[in-house]
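Here are the chains, one letter per residue:
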Amino acid sequence: MQKLYFLFLVLAMCMSCKKEEVVQTNDKYATLKLQVWDEFKTNALDSVKVVFPELNKSYTLTKGKPYISDLPKQNLKAEISKSGYIDVSKRFDFSKRDTINDNIIMPYDDMILTVPTDSLYASHQSKSFSFTARRNKGFNIIAPDWIRVDTLSERAFEIKINIRFLQNKTNENRTASIILKNGESKRTIPLFQFRKNRIESVYVELGDISKWEANMIDPLDNIGYIRSTSDYCLSEITGKSLKNKTVSFASGCARIGLGMTYEFVTQNRGGLDTVRFKFNGYDKKIDMHKYHSGIWNLYPLGSNDYIFFTNDAGKRIGTIDLERFEIINDPKVSFDTRNLLFNNYNGSFYLTSTDDKLRRIDVRNGQVLEEIQFTPQPNDHPQSPYVIPEEVVFNKNGMAFLTLLGNNITGRNVATLDIANKNKFELITGYLYANYYSGLTVMPNGVDFGMKQDYRGLFTWDPIKKVSEFVYDEITILPFQDLAFHEKQLINYKTKAPIGQPIQGNYWQSDTKNKLIYAFTWDQQYTTWIVCYDLNAKELYRRPFFYDTGGSSYVKLAGNGKYIVYYNGYSEELFRFSIDFFKGKTKLENWEL
């Protein structure tokens, strides 16, 4: 009878060691149930400690409560330990299972140590942990290269150890273990060190109050102060919020071109981190100091790929690749370089200077392809006659309309130069004080010319009929069908009827590709604004913009409508701004310090 009873007991124990089938559920959490036995499977242990290093959590399982029911549904590593037994390490994959029942066999340990078996966690900064290990035999310590283990003191059956995490300068979290080992007996201390939390991306929506969004690589528990280093305008931080990995806030205006830096403190399990990002507004910059004399002007000249400049005192002509935003050539010539023009009729560039010539040039190498000489008339000043071309525009037939600087008849008038007719030169009589002429333009028909005379408004010149006509007072022709400015009012050129409300701008540029008008204006607080309008004079948006109106500073809209190029004459720097910055929420590309 006793033999039957013993056999029944053994069968019952073996059945209890069999893993149960798992039933799929839709619970939010996974459950782990363990039965833990000694190595001879004769005793069920009364309690064990279970540590999940990746969760920074530990549990104590007992015979009365042998389960854990709040685990995330992922692949987890468990460290199971009990004094007097060798630790057991095992992984449980809950990614496709909601419940796992398992049996754990723990061998007896010949080396009995009383050391911490919970995981040691550290931020990315250096951190130390000290504890006492008790032993009945000597043991070796095995640790990764980013951990320093120092023996503080040692005596019979006891050793004091200091474990120090070195600073984590990598972009990844680090996991490892310290092993205290003697033969097959060992104790394992899991280690986990966080990476430094850092900004992954930054978005901005510019305005009088600018909205910022910084996305971190790791979730955050808390966020501390946020501050700005800008002295240019109001930088008060408002609307600070935190959501998982995203820090959002608003601040005073971000004036594009001056640059601002923001910094704030974040906190998560990795500890405190101070992170920073910069906002320049411009996406690329060219230092023009090598020319030492600034540039004369910028010239989009209708090109989708390039923008050009002249460097007068440096005697250079420059070509800038808009996408790379690099000077791809800047040949030096033997004369001063003033105004650069493009003649669509023959696809050639022309250049004015401080002498009596108009030159056709190759902008790639500075080679002069043709010189057009302007000769004073016989009745000009007899002692020092001279005539210098200044403003020049070309119509679609290749004819040039130009003003001339001089000290007598030839040099104080207006002329035409017919490129298609062997550079035939002809003075236009009846106009005086050419130095007052400004704003030479080509009229909407592509043939007639327009000019302002002595501040008395717009006159036209018909090169075929050779007649002049007063058109309208204070009018500026735009490169759009039948559109012009009368002072600051957009009007229909043919009917003179006003279109929409007056445009607020002291200076404007036209985007012919996207049919938009960009106006630059400034308020009493000396804040400069760039305002975008459609062709019905409807304001689409306005954004703060830094524009130094003094010195030799220029703002030009690139011919492709994608960029604004700004030259600051004081700092001698050339900036490229993406039009995307003015349209709404935009991702910053170069925000790292």
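It should be emphasised that the depicted structure is a prediction, and the values quoted were computed from it without experimental measurement.

Enquirer: Help me understand the overall build of the chain, please; the structure alone is not making it clear to me.
Expert: A tally of regular secondary structure across the chain gives one helix and 49 strands. Residue burial in the chain is summarised as follows: out of 593 residues, 49% are buried. The contacts in the chain between residues at least 6 apart in sequence include a share of 48% that link residues at least 24 apart.

Enquirer: Would you mind going over unusual backbone geometry with me for this structure?
Expert: Residues apart from glycine generally show negative phi values, whereas peptide bonds are mostly found in trans. The backbone of F325 sits at a positive phi, close to 50°, despite the residue not being glycine. Its place among the elements puts F325 in the loop between β25 (316-321) and β26 (326-329). For F325, a relative accessible area of 3% gives the class buried. Notably, K496 is not glycine yet its phi reads approximately 65°, a positive angle. Within the secondary structure layout, K496 lies in the loop between β41 (489-492) and β42 (507-511). A relative accessible area of 27% means that K496 is categorised as partly exposed.

Enquirer: Is there a simple way to explain the sheet that holds strand β44 (residues 528-533) in this structure?
Expert: The strands making up a sheet associate through hydrogen bonds between their backbones, and the pairing can be parallel or antiparallel. Spatial ordering of the open sheet is given by β42-β43-β44-β45, a layout of four strands whose pairing is antiparallel. Looking at which strands have only one partner, the edges of the open sheet turn out to be β42 and β45 (539-544). For this sheet, the mean angle separating the axes of adjacent strands, direction not counted, is 20°. Summarising the sheet, strand β43 (residues 516-522) and β44 pair through six bridges and their orientation is antiparallel.

Enquirer: For this particular structure, what's the right way to read the sheet that holds strand β20 (residues 260-268)?
Expert: Sheet architecture is open: three strands sit in the order β17-β20-β21, paired in antiparallel fashion. Taken across any chain shown, the strands that pair with only one partner, and hence form the sheet edges, are β17 (222-228) and β21 (271-279). Neighbour-to-neighbour, the strand axes of this sheet turn through a mean angle of 15°, independent of strand direction.

Enquirer: Just checking my understanding: could you explain the pairing of strand β5 (residues 75-81) for this structure?
Expert: Extensive coverage of β5 is indicated by the burial of five of its seven residues. Direction of pairing for strand β2 (residues 47-52) relative to β5: antiparallel, over a ladder of three bridges. For K49, the partnering residue across the bridge sits in β5 and is S81. Note: β5 against strand β6 (residues 88-93), six bridges, orientation antiparallel.

Enquirer: What's the story with the pattern of salt bridges in this structure? I'm lost.
Expert: Opposite charge on two side chains lets them pair, provided their charged atoms get close. According to the stated counting rule, one finds 28 salt bridges in the structure shown. A salt bridge links K77 to E79, with the shortest nitrogen-to-oxygen separation between them at 3.3 Å. Accessibility expressed as a relative area gives 26% for K77, which makes it partly exposed. Judged by relative accessible area, which is 7%, E79 ranks as buried. Between R359 and D355 there is a salt bridge whose closest N-O contact spans 2.7 Å. Connected via shared salt-bridge partners are E172, R195 and D218.

Cut-offs used in this document
Residues numbered from 1 in each chain as written. Predicted model: local features only at pLDDT ≥ 70, side-chain atom pairs only at ≥ 80, totals over all residues. Heavy atoms only, no water. Helix = DSSP H or I, 4+ residues; strand = E, 2+ residues; numbered from the N terminus. Buried < 20%, exposed > 50% of the residue type's maximum accessible area, 1.4 Å probe, protein only. Contact = heavy atoms within 4.5 Å. Pairing = 2+ DSSP bridges. Axes fitted to C-alpha atoms, helices over the stretch in contact; angles between N-to-C directions. Salt bridge = Lys/Arg side-chain N within 4 Å of Asp/Glu carboxyl O.

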